[in-house]
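Structural overview for review
Listed below are the residues making up each chain.
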Amino acid sequence: MENLKRKAINEIIDSSIKSFADGFEVRHIKEVDDPNGVINSKKNNVFIAELGEEFMFYSAFVRSFDSSFGKVLENVGKAIANLSYEVNGRIESYLLPQQTQHIDYLMTVYDDHVLPRKEDYESFSWVKPRDITSYITSHETDNYFYSPEKREHYIIELKLGGDLDIKKSKIEKAELLREYFLLKNKLENSNEKVKVLLATAYNKFGEGNNWKQSQVRQYFDEKELLIGKDYWNFVCDDENGFAIVFEQYKKSANYIKEAIANIKALYF
């Protein structure tokens, strides 16, 4: 990776983590005298309080932290992606009934444990009607990237918790396919490719280990997955992207550690 791009990635991570840590600390400082604040609510629970200050603090803190830190990682990913891709947020096009029917058909097939393949929808063909007025719609998407160099479009569903609830995997795949057909219709007969991907910010089984969510794979082809480091390599558009991101994160994480220590000192 060229030095200028690496420096830009480091600056994105450092500024994002510092901003998050500062804001998180300010929020808890404001709640220190509020009996309904996140941490005070736990302090007033005699059953939790009996387990000790350390347990009480972290049981309140971690839940509050997780819910807001995930959004930081998503924004960092998009900011880094913007260095290599065009980042978009809305798809405006049309969706035909036969495309919706094909999506429903595929979901039924996958329910019967037929292994999913990208070709299941990539090979599906249709004819554009003369009047598409009644089929026009739009869809907001959080992670839609385009590579002008490769002439490829990427629609990504990012799961920040490291996995995907099996109950939601079918819904997520169907939604990704709707976005796929919307975009294909917009591009019409262009030779540009559209790829749908399921990504996680980290591998819940450990980086480098097999991602064992076999039930999720019921609806997703192996080629549609960007798990942990593969996601960061992708947004960096570099095979060493994850290593570069995490190297800087380990340095910037000191902002969060300092914020945690300051917050704890206020409450205990």
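For the structure, check the block above.
In this text, all values refer to a predicted model and were calculated from it rather than measured experimentally. (Residues numbered from 1 in each chain as written. Predicted model: local features only at pLDDT ≥ 70, side-chain atom pairs only at ≥ 80, totals over all residues. Heavy atoms only, no water.)

**Let's talk about the nonpolar core**
- Counting residues in hydrophobic clusters, the biggest one holds 40 residues, and the most contacted among them are Ile80, Trp232 and Val235.
- Contributions of two or more residues to this core are made by α1 (3-30), α4 (53-81), β3 (152-159), β4 (193-200), α8 (229-236) and α9 (241-267).
- Once you skip the residues sitting within four places of it in the chain, Val235 turns out to touch Gly77, Ile80, Ala81, Ser84, Tyr85 and Phe145.
- In terms of nonpolar packing, the next biggest core, distinct from the first, is built from 27 residues, Val109, Leu177, Val196 and Ile227 among them. (Core = buried A, V, L, I, M, F, W, Y, C linked by side-chain atoms within 4.5 Å. Buried < 20%, exposed > 50% of the residue type's maximum accessible area, 1.4 Å probe, protein only. Helix = DSSP H or I, 4+ residues; strand = E, 2+ residues; numbered from the N terminus. Contact = heavy atoms within 4.5 Å.)

**A few points about the packing of α1 against α4**
- Remark: α1 packs on α4, axes separated minimally by 10 Å, with the N-to-C direction vectors making an angle of 155 degrees. Classified by the interaxial angle, the pair formed by α1 and α4 is roughly antiparallel. Like other packed secondary-structure pairs, α1 and α4 cross with a definite hand, here right-handed. Contacts from Ile9, Ile12, Ile13, Ser16, Ile17, Phe20, Phe24, Arg27 and His28 of α1 reach α4 at Phe61, Ser64, Phe65, Ser68, Phe69, Val72, Val76, Ala79 and Ile80.
- Here the residues of the contact of α1 with α4 are counted per class, giving 13 nonpolar, four polar and one charged. (Axes fitted to C-alpha atoms, helices over the stretch in contact; angles between N-to-C directions. Parallel < 35°, antiparallel > 145°, perpendicular 65-115°, else oblique. Left-handed = near helix turned anticlockwise from the far one by under 90°. Nonpolar A, V, L, I, M, F, W, Y, C, P; charged D, E, K, R; others polar.)

**Digging into α1**
- Given a rise of 1.5 Å per residue, 28 residues ought to cover 40 Å, and the 41 Å separating the end C-alpha atoms of α1 matches this to within 8%.
- Within α1, burial applies to Lys5, Ile9, Ile12, Ile13, Ile17, Phe20, Ala21, Phe24, Glu25 and His28.
- On its buried face, α1 is in contact with α2 (38-43), α4, α8 and α9. (Expected span 1.5 Å × (residues − 1).)

**Brief notes about the pattern of salt bridges**
- As enumerated under the stated definition, the model contains 19 salt bridges in all.
- In this structure, Lys159 and Glu157 form a salt bridge, with 3.2 Å as the shortest nitrogen-oxygen distance.
- If you follow the salt bridges from partner to partner, you end up with Arg90, Glu92 and Glu140 in one network. (Salt bridge = Lys/Arg side-chain N within 4 Å of Asp/Glu carboxyl O.)

**Considerations on the packing of aromatic side chains**
- Taken as a whole and judged by the stated rule, the model has 21 aromatic pairs.
- Ring geometry for Phe24 versus Phe65: centroids 5.8 Å apart, planes at 85 degrees, classification edge-to-face. Within this pair, whereas Phe24 is found in helix α1, its partner Phe65 is found in helix α4, the two being separated by 41 residues in sequence.
- In this structure Phe24 comes out as buried when scored by relative accessible area, which is 6%.
- For Phe65, a relative accessible area of 16% translates into the label buried.
- Ring centres of Tyr231 and Trp232 lie 5.0 Å apart, and the angle between their planes is 70 degrees; this geometry places the pair in the edge-to-face category. As far as the burial class goes, Tyr231 and Trp232 line up, both buried.
- Grouped by ring-pair contacts, the aromatic residues Phe20, Phe24, Phe65, Phe69, Phe242, Phe246 and Tyr249 constitute a single cluster.
- The aromatic ring of Tyr255 is capped on one face by Lys18, whose charged end is 5.9 Å from the ring centroid. (Phe/Tyr/Trp six-rings, centres within 6.5 Å; stacked < 30°, edge-to-face > 60°. Lys NZ or Arg CZ within 6 Å of the ring centre and 35° of its normal.)

**Side note on the side chain of His102**
- Take His102: it is sitting in helix α5 (residues 97-111).
- Among the residues examined, His102 registers a relative accessible area of 12% and is labelled buried.
- With residues near it in sequence (within four places) discarded, His102 still touches Asp120, Tyr121, Phe124 and Phe181.

**Here's the deal with the sheet that holds β3**
- Taken in spatial order, the five strands make up an open sheet running β1-β2-β3-β4-β5, and their pairing is mixed. Pairing within the sheet leaves two strands with one partner each, and these edge strands are β1 (86-94) and β5 (225-227). Adjacent strand axes in the sheet meet at a mean angle of 40 degrees when their direction is disregarded.
- Here strand β2 (residues 136-147) pairs with β3 via four bridges, running antiparallel. In the strand pairing of β3, Tyr144 is matched with Ile155.
- Contacts from α4 reach β1, β2 and β3 within the one sheet, and its direction differs from that of β2 by about 70 degrees. (Pairing = 2+ DSSP bridges.)

**A few points about the side chain of Glu152**
- Tracing the backbone shows Glu152 in strand β3.
- You can call Glu152 buried: its relative accessible area is 11%.
- Side chain to side chain, Glu152 and Tyr154 meet in a polar contact 2.4 Å long.
- Glu152 has contacts with Phe145, Tyr146, Ser147, Lys193 and Lys195, leaving out every residue within four places of it along the chain. (Polar contact = N/O pair within 3.5 Å; in protein donor to acceptor, adjacent residues only side chain to side chain.)

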